[in-house]
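A structural walkthrough
Residues per chain, in single letters:
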Amino acid sequence: MEQVASGVNTVNNIAQKIGENLSTVLYSLEKLIRIDLVQKKKCITEEKNRKKVQYVLKDHMFTFCYSFHPNATSIIEMGQGDLYYDKIFREYLHAYMGSVFEDMCRYYTLEQGIQGAFGNFITHVGTWWGTETLDSASGKYQQSADIDVVGISDIDKTVVLGECKFKNKKTDKGVYDIFLRRSASISAKYHIIKYLFFSLGGYTEWIQSVNNDAVVLLTLDDLYQQNE
């Protein structure tokens, strides 16, 4: 549970971290799935690919507890939890909330997509990860890549893609360019109709001036307004 909470989310990596064989780890994970503590996360465009499976904790509260509580048990038992928060945990809280923010954005996309807000009827939402091919002076090379939000309509094979930035600084041209480049990994299978940007810190003047009707700029306030 601690390894999964910390982001070690494949069977091989978990086994290496805790010094157990693969069959033991897989058996334990299946047990945790049955009692609803862990879930399998699949690449949304390759759900039948058994190699593209990650294990995540099903509830953010469990993720929070297993990420930070084990190292603070003694301090908390002495009644000094506030001190631990101030001295150690506070600086990690913002980074931890990044994954929570991504889940909020996926929920928003599904909620709005069901209502047709993006011009299609979204049937399911998830994430994509894989590799992308880039050019360099020495030739082509590959690197890992991911897309935070992928909302698919199985009805007409259209897709809405989203990029999430839980940072205080404004989202800029660099983020825009990388996101649209990575989107090419999806376009071969689906027709992209919207590019959603979710940003805690807002946007630079450059990205706000982009003349593209398919681009939607959203903030944390936009997500909360839908639930008022």
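Located above this text is the structure these notes cover.
Here the structure is a predicted model, which is why all the values come from computation and not from measurement. (Residues numbered from 1 in each chain as written. Predicted model: local features only at pLDDT ≥ 70, side-chain atom pairs only at ≥ 80, totals over all residues. Heavy atoms only, no water.)

Let us look at the overall build of the protein. Helix and strand counts for the protein come out as nine helices and seven strands. Along the first, second and third principal axes, the C-alpha atoms of the protein reach 55 × 45 × 40 Å. The buried share of the protein, reckoned over its 228 residues, is 37%. Of the contacts made within the protein by residues no fewer than 6 positions apart, 56% connect residues no fewer than 24 positions apart. Carbon and sulfur atoms make up 50% of the accessible area of the protein, which totals about 13600 Å². (Helix = DSSP H or I, 4+ residues; strand = E, 2+ residues; numbered from the N terminus. Buried < 20%, exposed > 50% of the residue type's maximum accessible area, 1.4 Å probe, protein only. Contact = heavy atoms within 4.5 Å. Areas by Shrake-Rupley, 256 points an atom, 1.4 Å probe, with all protein chains shown as cover.)

Bringing the packing of helix H2 (residues 11–18) against helix H3 (residues 22–34) into the picture now. Axis separation between H2 and H3 bottoms out at 9 Å; the angle between their running directions is 110°. Overall, the two elements H2 and H3 adopt an arrangement that is roughly perpendicular. In the crossing of H2 with H3, the sense of the turn from one axis to the other is right-handed. Residue-level contacts link Val-11, Asn-12, Ile-14, Ala-15 and Ile-18 of H2 to Leu-22, Val-25, Leu-26 and Leu-29 of H3. (Axes fitted to C-alpha atoms, helices over the stretch in contact; angles between N-to-C directions. Parallel < 35°, antiparallel > 145°, perpendicular 65-115°, else oblique. Left-handed = near helix turned anticlockwise from the far one by under 90°.)

We now examine the side chain of Asn-9. Structurally, the position occupied by Asn-9 is in the loop between helix H1 (2–5) and H2. Looking at Asn-9, the relative accessible area reads 17%, which means it is buried. In contact with Asn-9, other than residues within four places in its own chain, are Ile-14, Val-53, Gln-54 and Tyr-55.

A few words on the side chain of Thr-109. Note on placement: Thr-109 falls in helix H6 (residues 81–114). At 2.8 Å, the side chain of Thr-109 forms a polar contact with the backbone oxygen of Cys-105. Not counting chain neighbours up to four residues away, the residues in contact with Thr-109 comprise Phe-118, Ile-122, Val-125, Val-149, Val-160, Leu-196 and Phe-198. (Polar contact = N/O pair within 3.5 Å; in protein donor to acceptor, adjacent residues only side chain to side chain.)

Formed by 22 residues in total, the largest nonpolar core has its most connected members in Val-150, Val-159, Leu-161 and Phe-197. At the level of secondary structure, the elements contributing two or more residues to this core comprise strand E3 (124–136), strand E4 (139–153), strand E5 (158–165), helix H7 (173–187) and strand E6 (191–199). Leave out the neighbours within four places in its chain, and Leu-161 touches Ile-147, Val-149, Val-150, Phe-179, Ser-183, Ile-186, Ile-192, Lys-194, Tyr-195 and Leu-196. (Core = buried A, V, L, I, M, F, W, Y, C linked by side-chain atoms within 4.5 Å.)

Quick look at the environment of Ala-145 now. Here Ala-145 shows up in strand E4. When the C-alpha atoms of Ala-145 and Val-215 are compared, they prove to be 20 Å apart, with 70 residues separating the residues in sequence. Ignoring any residue separated from it by four or fewer positions in sequence, one finds Ala-145 in contact with Trp-128, Trp-129, Gly-130, Thr-131, Glu-132 and Arg-182.

Tallied over the full model, the rule gives 12 salt bridges. Several salt bridges share partner residues, and in doing so they unite Glu-102, Asp-103 and Arg-106 into one network. (Salt bridge = Lys/Arg side-chain N within 4 Å of Asp/Glu carboxyl O.)

Residue Asp-36 is not a glycine yet carries a positive backbone phi of 70°. Residue position: Asp-36 is located in the loop between H3 and strand E1 (38–42). We classify Asp-36 as partly exposed; its relative accessible area is 47%. The phi dihedral of Lys-157 falls on the positive side, at around 55°, and the residue is not glycine. In this fold, Lys-157 is placed in the loop between E4 and E5.

This part is about the sheet that holds E5. Strand order across the open sheet formed by five strands is E3-E4-E5-E6-E7, with mixed pairing between neighbours. Strands at the two margins of the open sheet, each flanked by one partner only, are E3 and strand E7 (215–219). Put simply, the sheet's adjacent strands are angled 35° from each other on average, direction ignored. Of the pairings in the sheet, the one linking E5 to E6 comprises eight bridges and is parallel in character. Residue pairing for E6: Leu-161 is matched across the bridge by Tyr-195. (Pairing = 2+ DSSP bridges.)

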